[in-house]
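Close look at the chain arrangement
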Amino acid sequence: MPSTEIKNICCIGAGYVGGPTMSVIADKCPHLHIHVVDIDEQRIKAWNSKNLQDLPIYEPGLDEKIKKCRDINLYFSTEIEKNISNADMVFISVNTPTKTKGIGAGKASDLKWVEACARQVSKYASGHTIVVEKSTLPVKTAEVIKIILEDAQLNSQNSKTTFDVLSNPEFLAEGSAIEDLENPDRVLIGGENIEAINLLSEIYLNWVAEEKILHTNIWSSELAKLTSNAFLAQRISSINSISAICEATGADVREVSRAIGSDSRIGSKFLDSGPGFGGSCFKKDILNLVYLCEYFGLPEVAKFWEEVIEINKWHQHRISKLIVKKLFGTVSGKKISILGFAFKANTNDTRESAAIVICKDLIEEGALLSIHDPKVDKYQIEKDLGIKLNLNEESKSEDHSYKSKGGWTYAPSIKKSLIGADASIILTEWNEYGNIDWNMAKKIMRSPSWIFDARSILIPEKVKNAGLNLWRIGDGSN
Ligand code: NAD
Ligand code: UGA
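Below is a summary of the structure that appears in this document.

1. Observations regarding empty space enclosed by the protein
All told, the structure shown has one cavity of 30 Å³ or more when counted by the stated rule. Approximately 40 Å³ is the volume found for the largest cavity. Take the lining of the largest cavity: its biggest share by element is three residues, from helix α9 (residues 218-249). Residue composition of the lining of the largest cavity, by class: two nonpolar, four polar and three charged.

Structural data, given as structure tokens:
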């Protein structure tokens with residue numbers, strides 16, 4: 001049976017979810033002792049680094065939480081065994097990427113990390129432990145976790161080891177994680193045992209209103225998380241598909257978004273057309289949903305959701321193609337400035353970023369990219385593009401007589417990225433890109449120069465008045 005209060009929490013997985021989530025819980029619940037554990041020693045070292053600039057993830061407001069709580073009631077370590085053993089509640093917050101081989105490869109979630117966690121908990125837990133699924137998981141994963149834990153109970157020398165399993169999916173978005181965690185639209189808790197549900201609810205009640213804490217059965221909770229991401233991604237694919245029609249017909253996607261978003265049934269959020277959705281979860285979670293539909297004999301439903309991903313892919317390549325077309329049909333040997341590599345602003349995360357697809361397309365066409373991002377380092381870009389940064393090419397990239405087969409360099413500043421460039425493409429909506437002095441840009445770029453605003457963050461007149469050509473996403477006057 002659950003104990004009457006929770007004192008010690010262990011969170012397995014110190015990533016984009018584990019780190020921020022536990023930092024906010026530690027801040028709001030000073031009476032709790034929270035240990036975030038991970039197998040990745042480097043990541044834990046970074047979480048413990050004295051210089052808060054060196055935290056492994058960038059998230060506005062996170063450094064303040066770490067400064068306030070670390071080593072007071074929030075600890076980061078690789079001591080998995082000890083911290084599971086001491087915990088009353090264990091959050092599983094590990095990665096659940098798409099399977100790359102075997103049954104369901106390319107669609108199903110790879111649950112090997114979740115299973116490993118369940119085995120670790122079954123081995124080291126003592127007394128009663130509430131196991132909380134924080135990772136995004138396919139429906140019925142709780143059953144797998146339960147089977148592993150129950151098996152441990154049966155084989156345990158210590159008959160007092162007991163478990164409850166709850167689903168408590170996370171809805172934070174990167175870049176606004178701290179704000180989302182502090183003011184959630186809702187907290188979802190799925191489970192069977194009301195005592196365990198209440199113990200988890202009590203933690204959130206320290207800062208979340210009771211009416212925002214939703215209780216459901218465990219399968220609804222698991223499915224609601226996948227559905228939520230599928231609906232959000234679908235909205236972006238919908239508006240991006242409309243941006244293409246706007247460009248073809250003379251309409252403006254911003255005006256269309258405003259017009260439809262004013263309908264309270266549709267709502268105004270998540271209607272910004274961009275270069276296509278990225279991030280570690282939308283594609284993975286929809287693929288997971290598609291796999292589940294196929295598994296449960298619902299191919300028509302699977303096809304419906306798969307199209308959300310297909311149109312996103314098409315949209316990203318559409319942008320690369322139109323850039324080449326505008327630049328007289330060729331980008332070979334031309335310097336192109338890329339502004340932004342993260343999948344959205346205010347994060348250093350590049351997973352599934354549209355920038356990866358668009359940059360690869362342009363390099364394939366022979367372009368010399370000069371990539372700038374305020375938070376993504378060159379090693380990450382190198383890893384994502386799978387193309388080595390050639391330092392010798394860095395000095396040559398402004399020399400148009402240099403015929404390269406395509407490549408990229410890292411630009412330490414916006415200005416360096418723009419010098420000698422034929423075009424600049426805004427792929428991430430970082431604030432600083434909205435404040436560029438376009439008169440200065442005109443002087444240092446090669447004419448005729450093009451600005452491609454794939455995020456719709458520029459004031460068109462400012463760019464055009466500087467004598468630059470402008471293309472904006474979904475703008476029929478392009
Ligand atoms: P991540 O890759 O940033 O972090 C996962 C961490 O788990 C890694 O540091 C890894 O080393 C660690 N880990 C894996 N197996 C382990 C084990 N057996 N023991 C200890 N540590 C282990 O992933 P993330 O972005 O934090 O996502 C985690 C989960 O949360 C995923 O299921 C994801 O779908 C979901 N989610 C993510 C977001 C987001 O914005 N990133 C938002 C909501 C939900
Ligand atoms: C998303 C969801 O918003 C979170 O609720 C969820 O918890 C999370 O996935 C997850 O499960 O991982 P995240 O991917 O961090 O969060 O960021 P979003 O703000 O949703 O943006 C995703 C992508 O859509 C980005 O590339 C973003 O630029 C793009 N986007 C978003 C648009 O192109 N237009 C919009 O109007 C909104």
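Continuing now.
2. Details of unusual backbone geometry
The amide bond that connects Ser 447 to the next residue, Pro 448, takes the cis arrangement and shows omega of -10°. Among the secondary structure elements, Pro 448 is positioned in the loop between α18 (438-444) and β13 (450-453). The phi dihedral of Asp 71 falls on the positive side, at around 65°, and the residue is not glycine. Structurally, Asp 71 is set in the loop between α3 (62-69) and β3 (74-77). Using a relative accessible area of 54% as the deciding quantity, one classes Asp 71 as exposed. One non-glycine residue, Lys 140, lies in the positive phi region at around 90°.

3. A few points about the sheet that holds strand β12 (residues 423-426)
Spatially, six strands are ordered β11-β10-β9-β12-β13-β14 in an open sheet, and the strand pairing comes out parallel. The sheet is open, and its two borders are formed by β11 (407-410) and β14 (469-472), each paired with just one other strand. Strand-to-strand, the axes of this sheet are offset by a mean angle of 20°, without reference to chain direction. For strand β9 (residues 335-339) and strand β10 (residues 368-372), the ladder comprises five bridges, and the chain directions are parallel. The residue bridging Ile 338 from the neighbouring strand is Ile 371, located in β10.

4. Details of the pairing of strand β7 (residues 187-190)
Of the two faces of β7, both are covered, the one formed by Val 187 and Ile 189 as well as the one formed by Leu 188 and Gly 190. Pairing geometry for β7 and strand β8 (residues 213-216), over four bridges, is parallel. Directly across from Gly 190, in β8, lies its bridge partner Thr 216.

5. Some details on the site of ligand 2
For ligand 2, the set of nearby residues contains 19 residues, the closest of which are Leu 172, Glu 174, Asp 272, Cys 281 and Arg 455. Between ligand 2 and Leu 271, the relevant distance is 3.4 Å, taken from an oxygen atom to a main-chain nitrogen or oxygen of the residue. One of the backbone nitrogen or oxygen atoms of Phe 343 is found 2.8 Å away from an oxygen atom of ligand 2. If you tally residues by element for the shell around ligand 2, the top one is α9, at four residues. The residue makeup of the shell around ligand 2, split by class, is eleven nonpolar, two polar and six charged.

6. A look at helix α14 (residues 378-385)
When α14 is considered as a whole, its buried residues turn out to be Ile 381, Glu 382, Asp 384 and Leu 385. Seen along its axis, α14 keeps its buried residues to an arc of 165°; they face one direction. Exposed residues pointing more than 90 degrees away from the buried face of α14 are listed as Tyr 379 and Lys 383. Where α14 is buried, its residues meet α13 (354-364), β10 and β11. In this structure Asp 377 caps α14, since a side-chain oxygen of it lies 3.1 Å from the backbone nitrogen of Tyr 379. Immediately downstream of α14, the backbone of Gly 386 shows phi near 65°, a positive value.

7. Here's the deal with the packing of helix α1 (residues 18-28) against α3
Direction vectors running N to C along α1 and α3 enclose 50°, while the axes themselves pass 9 Å from each other. Put simply, α1 runs oblique to α3. As for how α1 packs across α3, the hand of that crossing is left-handed. The segment α1 lies against α3, with Pro 20, Ser 23, Val 24, Ala 26 and Asp 27 engaging Leu 62, Lys 65, Ile 66, Lys 68 and Cys 69. Broken down by class, the residue content of the contact of α1 with α3 amounts to six nonpolar, one polar and three charged.

Here is what the cut-offs are and how they apply
Residues numbered from 1 in each chain as written. Chains lettered and ligands numbered in written order. Predicted model: local features only at pLDDT ≥ 70, side-chain atom pairs only at ≥ 80, totals over all residues. Heavy atoms only, no water. 1 Å grid on protein atoms, 1.4 Å probe; cavity = no way out; pocket = protein on both sides within 12 Å on 5 of 7 lines; lining within 4 Å. Points joined across faces, edges and corners; volume = space filled by probe spheres on them. Helix = DSSP H or I, 4+ residues; strand = E, 2+ residues; numbered from the N terminus. Nonpolar A, V, L, I, M, F, W, Y, C, P; charged D, E, K, R; others polar. Buried < 20%, exposed > 50% of the residue type's maximum accessible area, 1.4 Å probe, protein only. Pairing = 2+ DSSP bridges. Axes fitted to C-alpha atoms, helices over the stretch in contact; angles between N-to-C directions. Near = heavy atom within 4 Å. Polar contact = N/O pair within 3.5 Å; in protein donor to acceptor, adjacent residues only side chain to side chain. Arc of directions from axis to C-beta. Contact = heavy atoms within 4.5 Å. Parallel < 35°, antiparallel > 145°, perpendicular 65-115°, else oblique. Left-handed = near helix turned anticlockwise from the far one by under 90°.

Shape is all these values report; function is a separate question.
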